[in-house]
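Descriptive structure summary
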Amino acid sequence: MLDLLVVNATLPDGRQNMSVAVRDGKIVEVAEGLHAPAQEVLDAQGQLLSPPFVDAHFHMDATLSYGLPRVNQSGTLLEGIALWGELKPLLTQEALMDRAVTYCDWAVAKGLLAIRTHVDVCDPRLMAVEALLEVKKQVAPYIELQLVAFPQDGVLRGSQGPQQHMDNLTRALDMGVDVVGGIPHFERTMADGASSVRLLCEVAAERGLQVDMHCDESDDPMSRHVETLAFETRRLGLQGRVTGSHLTSMHSMDNYYVSKLLPLMAEAQMHVVANPLINITLQGRHDTYPKRRGMTRVPELMAAGVNVAFGHDCVMDPWYSLGSADMLEVAHMGLHVAQMTSQAAMRQCFDAITVNPARILGLPGYGLAVGCNADFVLLQARDPVEALRLRANRLKVFRRGRLLAWSEPAQSTLCIAGRPGKTLLQP
Ligand SMILES: [Zn+2]
């Protein structure tokens, strides 16, 4: 007897009338038209069954703090960092945990079941680290959190000095933070930025950890720390374990240099996270017109064989006042900014919020195949492109075969003579 059998589902790869059989929290069979005895049978009615959404780049210590202690007037990255500096001394562990757990509720409702979040490690008390480690434990039954030790003020530039900042970072890792972060473009000089990349990659290599740096989140085409990151990845044998987040300076680099850079990144098996909602609003702020978009070169990186994900980065915090844990909204923006409008490219954008970030986090048992965890989302859409177009309603969200969230089908009632009474916004 199965615990759950989903029938008549469409899968992201286009297969239709598919059944997915679940026992003991695992997928035990995936086959066309399969019927078998089950405790519960769910008729997907031809809708899209997707593995859950994954966000490879977020800041859960800052989320839902919009307006505290004031709003970002200029809307720039640098005012956001300054504002975060004003907010930090006012944070309490309890309030921070409350906001993070509330965000996890939103995430589950949107079928987002794994999040890599950076956590600021510049406060020597490591209060945010303690809070998010506790949240990670608390939400573990329904959402997977991975933490990155993020020295927001710069590990060499921060006001407490390099020794103290490295000490804070390594203590955070000792406490159970998973990944080594960094912010080389924010260090005082290009040379300091490069040193920070080397030092932090060495820490990761010594401890057998992954690296995920905020790297070159700048409009300066000479901000080339990604080159150093690729170099250190190879030197230290970290291939496949290093992620460059943002990489917005690549948008402004000249094409000749990028033609050298892309193969270096592919050779180092680097992963990349672009954050389209945030970078389309934060980058190009010093431009008049023409105004740069600032998102890194997503289709070109993908074509070079680099694994690229779209991240949410911020929701209602000092950098961004909008957002709702909706990864389809993130991919929708990424698709537009990167002009990825072919059918194949739109499907790549769907991958960039599902399978690609799952690879970055190294999630075991992710996917809709036999032996995988029974984690999936039934969307009110017939394929990945329609899911993106509609930022589709999440009808059901399952984890380990257990229903975590559901919503009524979305439809509007029309009151127009001679027209149908309802519309689902589908042709
Ligand atoms: Zn970030």
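Here the structure is a predicted model, which is why all the values come from computation and not from measurement. (Residues numbered from 1 in each chain as written. Predicted model: local features only at pLDDT ≥ 70, side-chain atom pairs only at ≥ 80, totals over all residues.)

Moving on, we get to the overall build of the chain. Within the chain, the regular secondary structure consists of 13 helices and 18 strands. Relative to its length of 427 residues, the chain is compact, with a C-alpha radius of gyration of 22 Å against a globular reference of 22 Å. Viewed in the frame of its principal axes, the chain has a C-alpha envelope of about 65 × 45 × 45 Å. Relative to its full complement of 427 residues, the chain shows a buried share of 51%. Residue pairs at least 24 apart in sequence account for 75% of intrachain contacts in the chain once pairs closer than 6 positions are excluded. (Helix = DSSP H or I, 4+ residues; strand = E, 2+ residues; numbered from the N terminus. Rg over C-alpha atoms; globule rule 2.2 N^0.38 Å. Buried ≥ 20, exposed ≤ 12 C-beta atoms within 10 Å, placed from the backbone. Contact = placed C-beta atoms within 7 Å.)

Most peptide bonds adopt trans geometry, and most residues besides glycine take a negative phi value. In this chain, Leu-68 is followed by Pro-69 through a cis amide linkage whose omega measures -15 degrees. If you trace the backbone, Pro-69 turns up in the loop between strand E6 (53-58) and helix H1 (77-87). Cis peptide bonds are those with omega within 30 degrees of zero, and the linkage from Tyr-289 to Pro-290 qualifies with 0 degrees. Phi angles above zero are rare outside glycine, and Asn-17 is one such case at about 55 degrees. Turning to its location among the elements, Asn-17 is positioned in the loop between strand E1 (2-9) and strand E2 (18-23). On the basis of neighbour counts, which here come to 14 C-beta atoms within 10 Å, the residue Asn-17 falls in the partly exposed class. Of note in the backbone geometry, Ala-325 takes a positive phi value of approximately 65 degrees without being a glycine. Following the sequence through the fold, Ala-325 ends up in the loop between strand E13 (307-310) and helix H10 (327-337).

Burial analysis of strand E10 (residues 210-215) places six of its six residues in the buried class, which makes it a mostly covered element. Every second residue of E10 is oriented toward a common face, with Gln-210, Asp-212 and His-214 on one face and Val-211, Met-213 and Cys-215 on the other, all of them buried. One ladder, built from two bridges, connects strand E9 (residues 179-180) with E10; its direction is parallel. Opposite Val-180, over in E10, you have Val-211 as the bridge partner. A crossover links E9 with its parallel partner E10, the connecting element being helix H5 (residues 190-207), and its sense is right-handed. Inspection of the sheet shows E10 paired to strand E11 (residues 242-246) by five bridges, in the parallel sense. Looking at E11, one finds that Asp-212 is bridged to Thr-243. The handedness of the E10 to E11 crossover, carried by helix H6 (residues 225-235), is right-handed. (Pairing = 2+ DSSP bridges. Right-handed = clockwise from strand over helix to strand, strands pointing away.)

As far as domains go, the chain holds domain 1 (2-51 + 367-413) and domain 2 (53-361). Taking only C-alpha atoms, the centre of domain 1 and the centre of domain 2 are 30 Å apart. Counting residues at the interface gives 16 residues for domain 1 and 18 residues for domain 2. At the level of elements, helix H13 (384-390), strand E15 (394-399) and strand E16 (402-406) are the ones that each hand at least two residues to the side of domain 1 that touches domain 2. With four residues, H13 is the single largest residue contributor to the side of domain 1 that touches domain 2. Partitioning the side of domain 1 that touches domain 2 into residue classes produces 11 nonpolar, one polar and four charged. (Domains from an automatic or database assignment. Nonpolar A, V, L, I, M, F, W, Y, C, P; charged D, E, K, R; others polar.)

Let's shift gears to the nonpolar core. Val-20, Val-119 and Ala-331 are the most contacted members of the largest nonpolar core, which has 125 residues in total. In terms of residue count, H10 provides more of this core than any other element does, seven residues in total. For this core, the two domains that each supply at least three residues are domain 1 (2-51 + 367-413) and domain 2 (53-361). (Core = buried A, V, L, I, M, F, W, Y, C linked by C-beta atoms within 7 Å.)

Time to look at the sheet that holds strand E7 (residues 112-120). Spatially, E6-E7-E8-E9-E10-E11-E12-E13 is the arrangement adopted by the eight strands of the open sheet, whose pairing is parallel. The strands lining the two open edges of the sheet, one partner per strand, are E6 and E13. Contacts between H10 and the sheet are confined to E6, E7, strand E12 (271-274) and E13, with E13 contributing the most and set at about 115 degrees to the helix. (Axes fitted to C-alpha atoms, helices over the stretch in contact; angles between N-to-C directions.)

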